[in-house]
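Each chain, letter by letter, is given below.
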Amino acid sequence: MSNGWEDSAQAWIDSQGEAGDFGRQWVMDAPMLARVTRRPFRRALDVGCGEGRFCRMLKARGIAAVGIDPAGALINRARALDPDGDYRVEAAEAIGFDDGAFDLVVSYLSLIDIPDLATAIAEMARVLAPGGTLLIANLAGYNSAADAHDLGWVTLPDGRRAHAMDDYLEETASWIAWKGIRIQNWHRPLSTYMTLLLEQGLTLTHFAEPRANGEGDPVRAAHYDRAPWFMMMEWRKPV
């Protein structure tokens, strides 16, 4: 069954442009790149690379980046924007590289799109070299547990705005639509992610809920900061 990405590829490309959406450009890019530049990484794998935006950012910083995504239309766009890049149509659950092939593996807002999360995380850990880093950006769990169509926000009888969610502990898939995009997202509690990563023997070295950069749009930034939209984790594979 399709998760909507192939059919939504062009609408996604149009919505992202070159810079990415507000959450990527003004919330997550800076902290993600700050973690990447702390160590001299040589070779990176971007799992769920989409149209290749973060791969291009890694390459601009001297890191040889490979991007994989199961949506062929998005990979075609990545190749068009970066003809010398290495982009492959592959699912996270079956990564076609040898054990320990990368010293950096990145999942930038892609875990919520992966049906078989346990297999995908095992694959990411497998292709990560000893001493390497798995860098993850993901939706905060209470956001993915909210009503996706209203982005979780409701107006209370007294006029106050509140962020509502339900069934946080249940793993569920739901469809979300905006700007011509209609895709399936997975909600999982934070404990599910933590358990699967710990079972791979990885060590958590960094966790953050980044604040928005108000330079882009102070009003939108303040909205994002009312309830942190994203979380970021860095895991190390033991030597």
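Residues numbered from 1 in each chain as written. Predicted model: local features only at pLDDT ≥ 70, side-chain atom pairs only at ≥ 80, totals over all residues. Heavy atoms only, no water.

Visitor: I'm lost on the pairing of strand β9 (residues 181-187) in this one. Help?
Guide: Each regular strand shows side chains that alternate between the opposite faces of the sheet. For β9, the buried fraction is high: 6 of the 7 residues fall into the buried class. Pairing between strand β8 (residues 172-178) and β9: 7 bridges, direction antiparallel. Paired with Thr 172 across the strands is His 187, a residue of β9. Counting the residues in the hairpin turn of β8 and β9 gives 2 residues, including Lys 179, whose phi is positive at 50°. (Buried < 20%, exposed > 50% of the residue type's maximum accessible area, 1.4 Å probe, protein only. Helix = DSSP H or I, 4+ residues; strand = E, 2+ residues; numbered from the N terminus. Pairing = 2+ DSSP bridges.)

Visitor: Looking at this structure, how should I read the pattern of salt bridges?
Guide: Two side chains with opposite charge may pair up if their charged atoms get near one another. Under the definition given, this model contains 12 salt bridges. Where Arg 88 meets Asp 86, a salt bridge forms, and the shortest distance between an N and an O atom there is 2.9 Å. Looking at Asp 86, the relative accessible area reads 26%, which means it is partly exposed. One salt bridge connects Arg 126 with Asp 99, and the closest N-O pair in it is separated by 2.8 Å. Here the residue Arg 126 occupies a position in helix α5 (residues 117-127), and Asp 99 occupies one in the loop between β3 (86-89) and β4 (102-108), the gap between them amounting to 27 residues. Shared partners join several salt bridges into a network, and the residues in it are Asp 99, Glu 123 and Arg 126. (Salt bridge = Lys/Arg side-chain N within 4 Å of Asp/Glu carboxyl O.)

Visitor: So what exactly am I meant to see when it comes to the packing of α5 against helix α7 (residues 190-199) here?
Guide: The description of two helices packed together rests on the angle between their axes and the distance between the axes. Two elements in contact, α5 and α7, have axes whose closest approach is 9 Å; the angle formed by their N-to-C orientations is 40°. With respect to each other, α5 and α7 are oriented oblique. You can see that α5 and α7 cross each other, and the crossing is right-handed. Where α5 approaches α7, its residues Leu 117, Ala 118 and Ile 121 are matched on the opposing element by Thr 192, Tyr 193, Leu 196 and Leu 197. Of the residues belonging to the contact of α5 with α7, the class tally is 6 nonpolar, 1 polar and no charged. (Axes fitted to C-alpha atoms, helices over the stretch in contact; angles between N-to-C directions. Parallel < 35°, antiparallel > 145°, perpendicular 65-115°, else oblique. Left-handed = near helix turned anticlockwise from the far one by under 90°. Contact = heavy atoms within 4.5 Å. Nonpolar A, V, L, I, M, F, W, Y, C, P; charged D, E, K, R; others polar.)

Visitor: Any chance you could explain the side chain of Ser 144 here in plain terms?
Guide: Note that Ser 144 resides in helix α6 (residues 141-144). Accessibility expressed as a relative area gives 17% for Ser 144, which makes it buried. A polar contact is formed between the side chain of Ser 144 and the side chain of His 187, at a distance of 2.7 Å. Excluding its chain neighbours within four sequence positions, the residues that come into contact with Ser 144 are Leu 139, Trp 186, His 187 and Arg 188. (Polar contact = N/O pair within 3.5 Å; in protein donor to acceptor, adjacent residues only side chain to side chain.)

Visitor: Whenever I open this one, helix α2 (residues 22-36) confuses me. Can you help?
Guide: Residues that lie three or four places apart on an α-helix share one face, since the helix turns once every 3.6 residues. Its 15 residues give α2 an end-to-end C-alpha distance of 20 Å, which sits within 8% of 21 Å, the value for a rise of 1.5 Å per residue. Residues Phe 22, Gly 23, Arg 24, Val 27, Met 28, Asp 29, Met 32, Leu 33, Arg 35 and Val 36 constitute the buried set of α2. (Expected span 1.5 Å × (residues − 1).)

Visitor: Help me out: how do you make sense of α5 in this one?
Guide: Along α5, the positions that sit buried rather than exposed are Leu 117, Ala 120, Ile 121, Glu 123, Met 124, Ala 125 and Val 127. Buried residues belonging to α5 abut β1 (43-47), β4, β5 (128-139) and α7.

Visitor: Help me understand the sheet that holds strand β10 (residues 203-208) in this model?
Guide: By definition, the strands of a sheet pair up through backbone hydrogen bonds, in either a parallel or an antiparallel sense. Pairing is mixed in the open sheet, where 7 strands are placed in the order β3-β2-β1-β4-β5-β11-β10. Lying at the two open borders of the sheet, with one neighbouring strand each, are β3 and β10. The sheet shows a mean angle of 15° between the axes of neighbouring strands, direction not considered. One ladder, built from 5 bridges, connects β10 with strand β11 (residues 230-236); its direction is antiparallel. Among the inter-strand pairings, Ala 208 is bridged to a residue of β11, identified as Met 232. On top of the sheet, α5 reaches β1, β4 and β5; it is set at about 145° to β5, its chief contact.

Visitor: Just checking my understanding: could you explain the packing of aromatic side chains for this structure?
Guide: Here a ring pair, both rings aromatic, is described through the centre-centre distance and the interplanar angle of the planes. The tally for this structure, following the rule as stated, stands at 7 aromatic pairs. Between Trp 5 and Trp 12 the ring centres are 5.0 Å apart and the planes differ by 80°, which places this aromatic pair in the edge-to-face class. The two residues Trp 5 and Trp 12 agree in class, both being buried. Put simply, the rings of Phe 22, Tyr 224, Trp 229 and Phe 230 pair up and form one aromatic cluster. Here Arg 182 stacks its cationic end above the ring of Trp 175, 4.3 Å away from the centre of that ring. (Phe/Tyr/Trp six-rings, centres within 6.5 Å; stacked < 30°, edge-to-face > 60°. Lys NZ or Arg CZ within 6 Å of the ring centre and 35° of its normal.)

Visitor: What is the right way to read the nonpolar core from this model?
Guide: With 62 residues, the main nonpolar core has Met 32, Leu 45, Phe 54, Val 105, Met 124 and Leu 134 as its most contacted residues. Ranked by size, the runner-up nonpolar core spans 10 residues in total, among them Trp 5, Ala 9, Ile 13 and Ile 183. (Core = buried A, V, L, I, M, F, W, Y, C linked by side-chain atoms within 4.5 Å.)

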